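Coordinate analysis (summary)
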Amino acid sequence: MHKIDNRDQVLNHIRDFVALEVSNRPELLAAFLVGSVARAEPLWANVTDFDVIFVDPEPSICPEPCLLWNDSLLIDVQYSRPEDYENRSSIKGDAMRAQALYDAVPLHDTKNFFALLQAYVRGQFDTAENVCARAADAFRRAHAHFEEISELRTVPVPIPIDPNDLKHLHDVMDWAATAVLMLAYKPRYGRRQVLCFSEALTRMGQSNIIELAEQSMGFAEINDDEIDSMRKEWVEIFRAAGKFHQGYWDCDRCAHPFKEQYYMDGFEALASSGQARASLFLMEYTAAAAFNQIITHAPPEAAEPYVVQYAKWMEITGKGCSTHFSDRLEQLSELLQRIEYLIYEFAENNGIIYELTMKR
């Protein structure tokens, strides 16, 4: 895993990787680096990864999502198609792609495909209309994930909670946090997403929403000693996922074994700065993804110890029974209403029409 000492040197390694990929697939239209390294942000933790997006007319159906280059650089690989960028008028309002394209560093470009696309995205990028559009897009994504599990407020829920339902719960929070970051003229983050979400809300004078977010996840009462214990259990569950996994990584690519040290370094960096609770959001999401791999691929007798661990984790985080999970969803519904109202106020203050979808 790589610690950045010299960004330019690292970028040269990334370019070597891309050059090899292009030599094998000359039809690749473009490749670009996104994320904190592309933005040249100060190193936050010792270990980082590098997110490379390829624009491929015919991407592999099951590409390998993570690889180690030169045994030290962790590269997250994503693929998109040229047609994904045809509707350019919508990209500036896309909470996932707009900021990534705005900050991206080109690594390969054919016929100026990327250069023209980035120039278009950067035009009027920070107008109030586009900022509001990105926040609204993030909120729609959050609400869509909420709809996937909203019925669990009123129907019996199998215990322990299905890890896919738990991931929906976290996706709601992730996109809700993204909506706030869009309003704060900030990008999406990885390991620091919740920390930056909290900082943005504090600057907005909305720190009470931070408390509601922790309550929605069941994290509000967890202390540092418990988090330290949970981090150790996380390692066991995460490693077991890599042990039992078979075939290609797809929906649970975040549980890829290569990412273990990347996550651990982030969790420890948050803990050492007195923000251990902020690590629980990503820790639990990746634990759920890892547990999903275990129950999918492991023999029942081998999976049983991890079922016990997962059930205990759910109890600690206030999701150990149907009633508690229903409470989490009620609080999450309130959180969504509060965040949508922030979008409504931003729109109103900037003369933009925005219709509330969740009534207060």
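Let me sum up the structure you'll find in this document.

Basis of the calculations
- All chains use their own residue numbering, which begins from 1 and follows the written sequence.
- pLDDT decides what is reported in this predicted model: residues at 70 or higher carry local features, side-chain atom pairs at 80 or more are listed and counted, and totals for whole chains, interfaces and linings draw on all residues regardless.
- Calculated side-chain values reflect all of the structure's heavy atoms, with hydrogen atoms and water omitted.
- Here a helix means four or more residues in a row that DSSP labels H or I, a strand means two or more in a row labelled E, and each is numbered from the N terminus.
- To estimate the expected span of a helix, count its residues, drop one, and scale the result by 1.5 Å.
- Lines fitted to C-alpha atoms define the axes here, with helix axes fitted over just the stretch in contact, and angles between the N-to-C directions of these axes take values from 0 to 180 degrees.
- Should an angle fall under 35 degrees it is called roughly parallel, over 145 degrees roughly antiparallel, and 65 to 115 degrees roughly perpendicular, with every other angle called oblique.
- Contacts between residues were defined by any pair of non-hydrogen atoms, one from each residue, lying within 4.5 Å.
- Each residue gets one of three labels, nonpolar for Ala, Val, Leu, Ile, Met, Phe, Trp, Tyr, Cys and Pro, charged for Asp, Glu, Lys and Arg, and polar for the others, Gly among them.
- If DSSP finds at least two bridges between two strands, the strands pair.
- The term polar contact refers here to a pair of N or O atoms within 3.5 Å; inside protein, the definition further demands a hydrogen-donor-capable atom paired with an acceptor-capable atom, and it admits residues adjacent in sequence only when both atoms are side-chain atoms.
- A cavity here means a set of points on a 1 Å grid, drawn over the protein atoms and nothing else, where a 1.4 Å probe fits but cannot get out; a pocket is an open set with protein on both sides within 12 Å along at least five of seven lines, and a residue lines either one if it has an atom within 4 Å of a point.
- Grid points are joined across faces, edges and corners, and a volume is the space filled by probe spheres set on the points.
- Take a side-chain nitrogen of Lys or Arg and a carboxyl oxygen of Asp or Glu: if they are within 4 Å of each other, that pair is a salt bridge.
- Using a 1.4 Å probe on the protein chains alone, a residue whose accessible area is under 20% of its type maximum counts as buried, one over 50% counts as exposed, and one in between counts as partly exposed.
- Definition used in this section: a nonpolar core is a set of buried Ala, Val, Leu, Ile, Met, Phe, Trp, Tyr and Cys residues joined via side-chain atoms within 4.5 Å.
- Aromatic pairing here means that ring centres of Phe, Tyr or Trp (its six-membered ring) are within 6.5 Å. Orientation follows from the plane angle: under 30 degrees is stacked, over 60 is edge-to-face, and everything else is tilted.

A few words on helix H13 (residues 322-349). Helix length check: H13 (28 residues) gives 41 Å between terminal C-alpha atoms against 40 Å at 1.5 Å per residue, within 8%. Downstream of H13 by a residue or two, Gly351 has a phi angle that is positive, lying close to 70°.

Let us now look at the packing of helix H9 (residues 224-244) against helix H10 (residues 260-272). Direction vectors running N to C along H9 and H10 enclose 170°, while the axes themselves pass 11 Å from each other. The angle between H9 and H10 places the two elements in the roughly antiparallel class. Across from Arg231, Trp234, Val235, Phe238 and Arg239 in H9, the residues of H10 making contact are Glu260, Tyr263, Met264, Phe267, Glu268 and Ala271. Of the residues assigned to the contact of H9 with H10, the class counts are 7 nonpolar, no polar and 4 charged.

Our focus in this paragraph is the pairing of strand S3 (residues 66-69). Sheet analysis places S3 next to strand S4 (residues 73-80), joined by 4 bridges and oriented antiparallel. Each residue of the ladder has a partner; that of Leu68, found in S4, is Leu74. Between S3 and S4, which follow one another and run antiparallel, lie 3 residues, and Asn70 among them has a positive phi close to 55°.

A word on the side chain of Thr286. The topology assignment puts Thr286 in helix H11 (residues 276-297). Looking at Thr286, its side chain comes within polar contact range of the main-chain oxygen of Leu282, at 2.8 Å. Aside from chain neighbours lying at most four places away, what touches Thr286 is Trp234, Phe238, Cys254, Tyr263 and Phe267.

It is worth spelling out the layout of surface pockets at this point. Of the volumes computed, that of the second largest pocket is approximately 190 Å³. What lines the second largest pocket is simply Pro59, Ser60, Ile61, Cys62, Pro63, Pro65, Val77, Gln78, Tyr79, Trp249, Asp250 and Arg253. Grouping the amino acids of the lining of the second largest pocket by side-chain chemistry returns 8 nonpolar, 2 polar and 2 charged.

This part takes up the pattern of salt bridges. Applying the stated rule across the entire model yields 20 salt bridges. Linking Arg140 and Asp137 is a salt bridge whose minimum nitrogen-to-oxygen distance equals 3.9 Å. You can see Arg140 and its partner Asp137 sitting in helix H5 (residues 128-149), 3 residues apart, about one turn around the helix. Residue Asp137 is classed as buried on the basis of its relative accessible area, which comes to 12%. Salt-bridge contacts for Lys319 lead to Glu284; the nearest nitrogen and oxygen are separated by 3.0 Å.

Moving on, we get to the nonpolar core. Judged by nonpolar contacts, the single largest core of 92 residues is most densely connected at Phe197, Trp234 and Ile294. Not counting the four nearest positions on each side in its chain, Ile294 is found in contact with Ile237, Ala240, Ala241, Phe244, Ala303 and Tyr306. Listed in part, the 20 residues of the second largest apolar core include Val10, Leu11, Val22 and Val37.

Next up on the list: unusual backbone geometry. In this structure, Pro160 follows Ile159 across a cis peptide bond, with omega equal to 0°. Among the secondary structure elements, Pro160 is positioned in the loop between H5 and helix H6 (163-183). Phi angles above zero are rare outside glycine, and Lys111 is one such case at about 55°. Here Lys111 shows up in the loop between strand S5 (105-109) and helix H4 (113-122).

Turning our eyes to something else, we now look at the sheet that holds S4. Pairing is mixed across the open sheet formed by 5 strands, whose spatial order is S3-S4-S2-S1-S5. Unpaired on one side and paired on the other, S3 and S5 mark the two borders of the sheet. Taking the axes of each pair of neighbouring strands and ignoring which way they run, one obtains an average angle of 30° across the sheet. Here H4 sits on the sheet in contact with strand S1 (30-34), strand S2 (50-55) and S5, set at roughly 145° to S5.

We now examine the packing of aromatic side chains. What the rule picks out here adds up to 16 aromatic pairs. Taking the centre distance of 4.9 Å and the plane angle of 85° together, the rings of Phe219 and Phe281 count as edge-to-face. Taken as a pair, Phe219 in the loop between helix H8 (207-217) and H9 and Phe281 in helix H11 lie far apart in primary sequence, 62 residues in all. For the pair Phe219 and Phe281, a shared accessibility class is recorded, and that class is buried.

Taken by themselves, the reported measurements are silent on function.
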